[in-house]
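An overview of the molecular structure
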Amino acid sequence: MWYHKPVINEELLQSLPNLKIVASSGVGIDHLDLSLLSSYGVKLSNTPFVVSTDTADLGMALMLASSRRLVEGYQMAVSPDTEYFPADWLGAELSGATLGIVGMGTIGYKVAERAKAFEMKILYHNRNQRNKEEESAVGAIYCKKIDDLLHQSDFVLLSVNLTAETHKLIGKRELELMKPTATLINISRGLVVDQDALVEALHNKVIKAAALDVTYPEPLPRDHPLLKLKNVIITPHIGSATKKTRRLMMENMTESIQAGLTGFPIPNEVL
C-alpha cells in the first residue's frame with residue numbers, strides 16, 4: 001500500500017484468497033481494519049522507524065517557518081507592490097521558548113533532540129513517561145495532564161498516532177487553554193485536531209498561528225477557510241518526503257513481503 005491505496009476492504013480480501021501480507025508505507029495504520037485483516041489470516045507491516053528523522057526535521061521546519069513568518073516574508077519580498085520593507089514586521093524567537101510535545105514516541109523524541117539545540121524549554125505529554133536518562137538527555141519535563149502542557153507552551157507540536165483516544169484530541173476546549181501567543185504544529189494526522197474549532201480559534205485570535213503538514217481531508221477543498229488565513233502554513237503531508245527515506249520505506253516494505261511469503265519473522269509487523 002502506498003498513499004493508503006489500494007483500499008483494503010472485505011471485497012478485496014475475498015477476491016485474494018491467497019493473500020498473506022499487507023505492507024503499508026509510513027507509520028499510521030488508522031486507514032486499516034486490523035480485526036478484518038486478522039479474520040482473514042492476513043499479516044500487516046508498516047515502516048515506522050525510517051520516517052522519524054525526516055518527519056522530525058519537518059516539524060522543526062514548520063516551527064521555524066511559522067515563528068519567523070517565512071511564507072509571508074517571501075510573499076512580501078517578491079510582490080510587485082512592495083516598495084519598502086516595514087521596520088515593525090516582526091516574528092517570534094524559538095530560542096528560550098517553551099515547546100510542548102504531545103506524543104513522545106520516536107518522532108516526538110527526535111523533535112526534542114532538535115529543539116534542545118535551539119535552547120528551548122521542552123515539555124511533553126505521553127501515555128507513558130520516558131525514563132529519567134531519556135528525559136535528561138533532552139531536558140524534557142513530563143506533564144501527566146495535557147492541560148498543564150497547553151497552559152505553558154509557546155509552541156504545541158502534535159506527534160501522536162490517530163486512534164479512538166486521539167481523534168479530535170485538540171478541540172475548542174484545548175485551544176482555549178493555549179496561550180493567545182501560541183502556535184499549533186501538527187505532523188501527526190489531520191483528525192487529531194478539530195479543524196472547525198481550529199479555524200474559529202485562529203480567526204478569533206484564541207491562538208496566534210498554526211503550521212500543519214496534515215489536514216482532513218487531504219488536500220483540503222479549495223474553498224476551505226484554513227486556506228484563506230494568513231496565520232496558517234499548510235504543507236502537503238511531506239513529513240517523510242525525501243528521496244532517501246522514500247527508497248528506504250520501499251525497501252522495508254519489500255523485506256516484510258519477502259519474509260511474509262517465506263514464513264520468516266516479519267520486520268515491523270503490526271500485531
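Each value, and the rule that gives it
- Residues numbered from 1 in each chain as written.
- Predicted model: local features only at pLDDT ≥ 70, side-chain atom pairs only at ≥ 80, totals over all residues.
- Heavy atoms only, no water.
- UniProt positions renumbered as here; feature names shortened; annotations may be inferred.
- 1 Å grid on protein atoms, 1.4 Å probe; cavity = no way out; pocket = protein on both sides within 12 Å on 5 of 7 lines; lining within 4 Å.
- Points joined across faces, edges and corners; volume = space filled by probe spheres on them.
- Nonpolar A, V, L, I, M, F, W, Y, C, P; charged D, E, K, R; others polar.
- Buried < 20%, exposed > 50% of the residue type's maximum accessible area, 1.4 Å probe, protein only.
- Helix = DSSP H or I, 4+ residues; strand = E, 2+ residues; numbered from the N terminus.
- Pairing = 2+ DSSP bridges.
- Right-handed = clockwise from strand over helix to strand, strands pointing away.
- Phe/Tyr/Trp six-rings, centres within 6.5 Å; stacked < 30°, edge-to-face > 60°.
- Axes fitted to C-alpha atoms, helices over the stretch in contact; angles between N-to-C directions.
- Contact = heavy atoms within 4.5 Å.

Named according to an unreviewed UniProt entry, the chain is Glyoxylate reductase/hydroxypyruvate reductase originating from Charadrius vociferus. What UniProt records for the chain under Sequence similarities (unreviewed entry) is the sentence "Belongs to the D-isomer specific 2-hydroxyacid dehydrogenase family."

It is worth spelling out empty space enclosed by the protein at this point. Inspection of every chain in the model, using the stated rule, returns one cavity of 30 Å³ or more. The computed volume of the largest cavity comes to approximately 30 Å³. Taken together, Asn186, Gly190, Val193, Gln195, Leu198, Leu212 and Val214 make up the full set of residues lining the largest cavity. Classifying every residue of the lining of the largest cavity gives four nonpolar, three polar and no charged.

Among the five residues in strand E3 (residues 98–102), five count as buried, and that is most of the element. Judged by which residues are buried, E3 turns out to be covered on both faces: Thr98, Gly100 and Val102 on one side and Leu99 and Ile101 on the other are all buried. Sheet analysis places E3 next to strand E4 (residues 121–125), joined by five bridges and oriented parallel. Paired with Thr98 across the bridge in E4 is Lys121. Regarding topology, helix H5 (residues 106–117) serves as the crossover connection from E3 to the parallel E4, and that connection is right-handed. As defined by bridge partners, E3 adjoins strand E6 (residues 155–158) across four bridges and the pair is classed as parallel. In the sheet register, Gly100 faces E6, and the bridge partner there is Val156.

In this section: the UniProt feature "domain: D-isomer specific 2-hydroxyacid dehydrogenase NAD-binding" (unreviewed entry) in the chain. UniProt's feature table lists "domain: D-isomer specific 2-hydroxyacid dehydrogenase NAD-binding" (unreviewed entry) at residues 60–239, given in the numbering used throughout. Annotated as residues 60–239, this span is 32% helix and 16% strand, and its ends, taken at the C-alpha atoms, are 11 Å apart.

On to the packing of aromatic side chains. Overall, the coordinates contain one aromatic pair when judged by the stated rule. Taking the centre distance of 5.2 Å and the plane angle of 50° together, the rings of Tyr124 and Tyr142 count as tilted. Separated by 18 residues along the polypeptide, Tyr124 in strand E4 and Tyr142 in strand E5 (residues 140–142) bring together distant segments of the chain.

Over the atoms rolls a probe the size of a water molecule, and in doing so it shows where empty space is left. Of the voids in this model, the second largest pocket is the one considered here, and its volume is about 440 Å³. Every residue lining the second largest pocket is counted, 22 residues in all, and those nearest its centre are Ser66, Arg69, Glu72, Lys230 and Asn231. Those elements that place two or more of their residues in the lining of the second largest pocket are helix H3 (52–67), helix H4 (70–78) and strand E9 (232–234). The class makeup of the residues in the lining of the second largest pocket is ten nonpolar, six polar and six charged.

This part covers unusual backbone geometry. The peptide bond linking Tyr216 to Pro217 adopts the cis configuration, its omega dihedral lying at -5°. Among the structural elements, Pro217 can be located in the loop between strand E8 (209–212) and E9. With an omega of -5°, the peptide bond between Glu218 and Pro219 qualifies as cis. Notably, Tyr3 is not glycine yet its phi reads approximately 55°, a positive angle. Take Tyr3: it is sitting in the segment before helix H1 (10–15). Using a relative accessible area of 54% as the deciding quantity, one classes Tyr3 as exposed. Despite not being glycine, Lys205 shows a phi value in the positive range, around 60°. Within the secondary structure, Lys205 sits in the loop between helix H9 (195–203) and E8.

Turning to the sheet that holds E8, a few remarks are in order. Backbone hydrogen bonds are what pair the strands of a sheet, in a parallel or an antiparallel way. An order of E5-E4-E3-E6-E7-E8-E9 is seen for the seven strands of this open sheet, with the pairing classed as parallel. Of all the strands in the sheet, the pair left with one neighbour each is E5 and E9. Strand after strand, the sheet turns through a mean of 15° between neighbouring axes, direction not considered. Packing against the sheet, H9 makes contact with strand E7 (183–186), E8 and E9, and its axis sits at approximately 140° to E8.

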